[in-house]
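Okay, here's what each chain looks like letter by letter:
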Amino acid sequence: MAPFGVQTIDSSVNFGINETNISKAADAYRLYEITGDTVYRDAAIQAVQWTFGVNPFDISFVCGIGSNYPVHLHSRLDADADTNPNSSIILPGFMVCGPIWADTLNPNSVHPWYEDRPLANDGSNQWRYNEHSISIQYGLLDLIVALAYGTTGGSPPGSFNLSSPANGATGVSTSPTLSWTTSSGATSYTLVVDDNSDYSSPVFNQDVGNVTSKQISGLAYATTYYWKVIAHNANGDTPASNNSFSFTTEAVPSLPSGISMEAENMALTNYVVNDNSAASGGKLIKLSGYGVTGTAAYSFSGTSGTYDIKVSYFDENDGACTFKLYVDGTVVDQWTADQNLGSANPDATTLTRRTKAGVSIANGAEIKIEATQNSEEWGRVDKIEVTPSVWVKEAEAMTLTNYVVNTNSAASGGQLIKLSGYGVTGTAVCSFTGSSGTYNIKVYYFDENDGTCTFKLYVGGTVVDQWTANQNLGSADPVAATLTSRTVTGVAIANGAEIKIEATQNSEEWGRVDKIEFYII
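Quick caveat, the model's predicted, so the values are computed rather than measured.

Participant: Help me understand the overall build of the protein chain in this model?
Facilitator: From N to C terminus, the protein chain includes three helices and 31 strands. Relative to its length of 521 residues, the protein chain is extended, with a C-alpha radius of gyration of 39 Å against a globular reference of 24 Å. Counting only C-alpha atoms and orienting by the principal axes, one finds that the protein chain spans roughly 135 × 50 × 35 Å. Burial statistics for the protein chain: of 521 residues in total, 46% are counted as buried.

So this is what it looks like as structure tokens:
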């Protein structure tokens, strides 16, 4: 039909013209956005004009808009209209279905027919003309928004490619920067990252704006991820030409490991090996003569890092032997064995230890103990232990919010912390009392198979790591099998900095945390 020179797009009369007319007008405007052909735009505008009153019925089919509009909407909000012809309701902005076939109550009416008649006076199915619904409203809203904010026509974004990390890359950081080439005409990009190739459960899915790279964090170690990018503008969406790529994150970082070296297995100068039941392994070393200076040395085979060195030696009460501890030729500690531990013999009472903390040791460095004999003190040494310098905080000793302490035999110290209720977010906070420096941080937590709890680790108010506890370690209980850890490397921490672990409860996963360890590097 073409009243007043305006061409409507549809003439369906099942539930009136308006719903399908407006929906197809929205499609027409979409075609205009894609092609730029103004014929489609003009058709959409004419359809809107017809709906708002430029029609042979001289009525706006949108209730409450214009000078003449329907007042007898068929709505449950006006139940009286079923029986009371004088009842009516105005719902501003609601479009009715509009003209349908001829009025079955009036054999002289013509097609199409419309009359704003009370429901109480209707029958024979012609009541459909004043129906309204969400599906009817959607088309009108969609088209009005498009007309108000739409483009002047044009093309969707141009082709582009994913670039870095390269497809199939390995050893990628758990906080990688993903990048792609520029798509001409793009106004924004959506980045999607998932550990499933079908992208059914993305770990990252955001419109990142009009940029060509984005750093994300909190990925799991030794895990393959898939990623894709879609470019957007008002005319459409364009996926990268080489969607999608995959990469595998780096292995779990190796923390410095401790090494215990029996003195009798070291390279000895002016030292001899003696049997002794009080010594580790049943042997110790002893200076070979009166007044001599002897050495015991070995090459450190551990990972480069910062360590505590513990020397186990015998301090009898019959002399004052002097010791020096070297690392790669530099004296890092020295002392005199002059305690009185109650015996002149190398036995359990005189076996003691000297610890030097926070020593930087490179892989392959020479560690050497040097002693000088005095009186009847023979510089006896049992072993040297090199252990990573670590600052440990038990979770139960931290300041807790929405967390409670539970006894658990699998946890360090026999206790852990657990979130206090369903859906809550809790925090555990402490002040770092170690030396300022750069650290690897290891969080020990329980990852059961009955939820997907999320964690964040803060240092000085900044998130340095975040992850989801979603492994299947074979149990729904906080037991040895589900006790696991998360390591973040190379974090600068100042003495006194606030350390905070934050978790959000999910299903039956309660964000259980055991302890946090800090290894200086």
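This is not the end of the story, as more comes after the structure.
Participant: Would you mind showing me how to read the sheet that holds strand S27 (residues 453-459) here?
Facilitator: Picture the strands of a sheet paired through backbone hydrogen bonds; they go either parallel or antiparallel. Taken together, five strands build an open sheet; the order of strands is S22-S25-S30-S27-S28 and the sheet is antiparallel. Two strands in the sheet have a free side with no partner beyond their single neighbour: strand S22 (399-401) and strand S28 (462-469). Averaged over neighbouring strand pairs, the angle between their axes works out to 15 degrees when direction is ignored. When strand S25 (residues 425-431) meets strand S30 (residues 498-504), the two strands line up antiparallel, connected through seven bridges. Of the residues in S30, the one forming a bridge with Gly426 is Ala503.

Participant: Just to check I follow, could you spell out helix H2 (residues 38-51) for this structure?
Facilitator: Given 3.6 residues per helical turn, the α-helix brings residues three or four places apart onto the same face. The end-to-end C-alpha distance of H2, which contains 14 residues, comes to 20 Å, matching closely the 20 Å that a straight helix rising 1.5 Å per residue would cover. Listed in full, the buried residues belonging to H2 are Ala44, Ala47, Val48, Trp50 and Thr51. End-on view of H2: buried residues confined to an arc of 160 degrees, all on one side of the axis.

Participant: How should I be thinking about the environment of Asn506 in this particular structure?
Facilitator: Its place among the elements puts Asn506 in the loop between S30 and strand S31 (513-520). With relative accessibility at 28%, the residue Asn506 sits in the partly exposed group. The spacing of Asn506 and Trp467 is 39 residues in sequence and 13 Å in space, taken between C-alpha atoms. Discounting chain neighbours no more than four positions away, the residues touching Asn506 are Asp450, Gly451, Thr452 and Cys453.

Participant: What's the story with unusual backbone geometry in this structure? I'm lost.
Facilitator: Note: most residues except glycine have negative phi, and most peptide bonds are trans. Omega for the peptide link from Ser164 to Pro165 comes to 0 degrees, which places this bond in the cis form. Omega for the peptide link from Asn243 to Ser244 comes to -5 degrees, which places this bond in the cis form. Mapped onto the elements, Ser244 comes out in the loop between strand S8 (236-239) and strand S9 (245-249). Although it is not a glycine, Asp58 sits at a positive phi angle of roughly 55 degrees. Here Asp58 shows up in the loop between H2 and helix H3 (134-149). Although it is not a glycine, Asn402 adopts a positive phi angle of roughly 60 degrees. Inspection of the secondary structure assignment puts Asn402 in the loop between S22 and strand S23 (403-407).

Participant: What's the story with the pattern of salt bridges in this structure? I'm lost.
Facilitator: Opposite charge on two side chains permits pairing when their charged atoms draw close. Applying the stated criterion across every chain yields a total of 10 salt bridges. Note that Asp465 and Arg486 form a salt bridge whose closest N and O atoms lie 2.8 Å from each other. A residue pair is termed long-range when its members are at least 10 positions apart, and Asp465 in strand S28 and Arg486 in strand S29 (residues 483-493) qualify at 21 residues. Across the pair, exposure class does not vary: Asp465 and Arg486 are buried alike. Within the structure, one salt-bridge network assembled from shared partners comprises Asp103, Glu115 and Arg117.

Participant: What is the right way to read the sheet that holds strand S16 (residues 321-327) from this model?
Facilitator: Strand order in the open sheet formed by five strands is S11-S14-S19-S16-S17, with antiparallel pairing between adjacent strands. Looking at strand neighbours, the two that pair on one side only are strand S11 (267-269) and strand S17 (330-337), the edges of this open sheet. Strand-to-strand twist of the sheet, defined as the mean angle between neighbouring strand axes without regard to direction, takes the value 15 degrees. One ladder, built from six bridges, connects S16 with strand S19 (residues 366-372); its direction is antiparallel. Looking at S19, one finds that Phe323 is bridged to Ala371.

Participant: I tried to follow the side chain of Ser312 on my own but got confused; where do I start?
Facilitator: Residue placement: Ser312 occurs in strand S15 (residues 305-314). Overall, the relative accessible area of 1% leaves Ser312 in the buried class. Not counting the four nearest positions on each side in its chain, Ser312 is found in contact with Leu351, Thr352, Arg353, Val381, Asp382, Lys383 and Glu385.

Participant: How do you make sense of the packing of helix H1 (residues 18-35) against H2 when you look at a structure like this?
Facilitator: Two numbers describe a pair of packed helices, the interaxial angle and the distance between the axes. Remark: H1 packs on H2, axes separated minimally by 7 Å, with the N-to-C direction vectors making an angle of 155 degrees. In terms of their interaxial angle, H1 and H2 are classed as roughly antiparallel. Regarding H1 and H2, the two cross each other, and that crossing is left-handed. Here Asn18, Asn21, Ile22, Ala25, Ala28, Tyr29, Leu31, Tyr32 and Thr35 of H1 lie close against H2, whose contacting residues are Thr38, Tyr40, Arg41, Ala44, Ala47, Val48, Trp50 and Thr51. Across the contact of H1 with H2, the residue classes break down as 11 nonpolar, five polar and one charged.

Participant: Is there a simple way to think about the nonpolar core in this case?
Facilitator: The tendency in soluble globular proteins is for nonpolar side chains to be buried side by side. Ile441, Phe455, Ile493, Ile499 and Phe518 are the most contacted members of the largest nonpolar core, which totals 31 residues. Elements that contribute at least two residues to this core include exactly strand S24 (415-419), S25, strand S26 (437-446), S27, S28, S29, S30 and S31. Beyond its immediate chain neighbours, meaning those up to four positions away, Ile499 contacts Met398, Ala428, Val429, Cys430, Phe432, Leu457, Tyr458, Val459, Ile493, Ile516 and Phe518. Counting 30 residues, the second-largest nonpolar core is a separate cluster that includes Leu287, Phe300, Tyr307 and Ile361.

Analysis parameters
- Residues numbered from 1 in each chain as written.
- Predicted model: local features only at pLDDT ≥ 70, side-chain atom pairs only at ≥ 80, totals over all residues.
- Heavy atoms only, no water.
- Helix = DSSP H or I, 4+ residues; strand = E, 2+ residues; numbered from the N terminus.
- Rg over C-alpha atoms; globule rule 2.2 N^0.38 Å.
- Buried < 20%, exposed > 50% of the residue type's maximum accessible area, 1.4 Å probe, protein only.
- Pairing = 2+ DSSP bridges.
- Axes fitted to C-alpha atoms, helices over the stretch in contact; angles between N-to-C directions.
- Expected span 1.5 Å × (residues − 1).
- Arc of directions from axis to C-beta.
- Contact = heavy atoms within 4.5 Å.
- Salt bridge = Lys/Arg side-chain N within 4 Å of Asp/Glu carboxyl O.
- Parallel < 35°, antiparallel > 145°, perpendicular 65-115°, else oblique.
- Left-handed = near helix turned anticlockwise from the far one by under 90°.
- Nonpolar A, V, L, I, M, F, W, Y, C, P; charged D, E, K, R; others polar.
- Core = buried A, V, L, I, M, F, W, Y, C linked by side-chain atoms within 4.5 Å.

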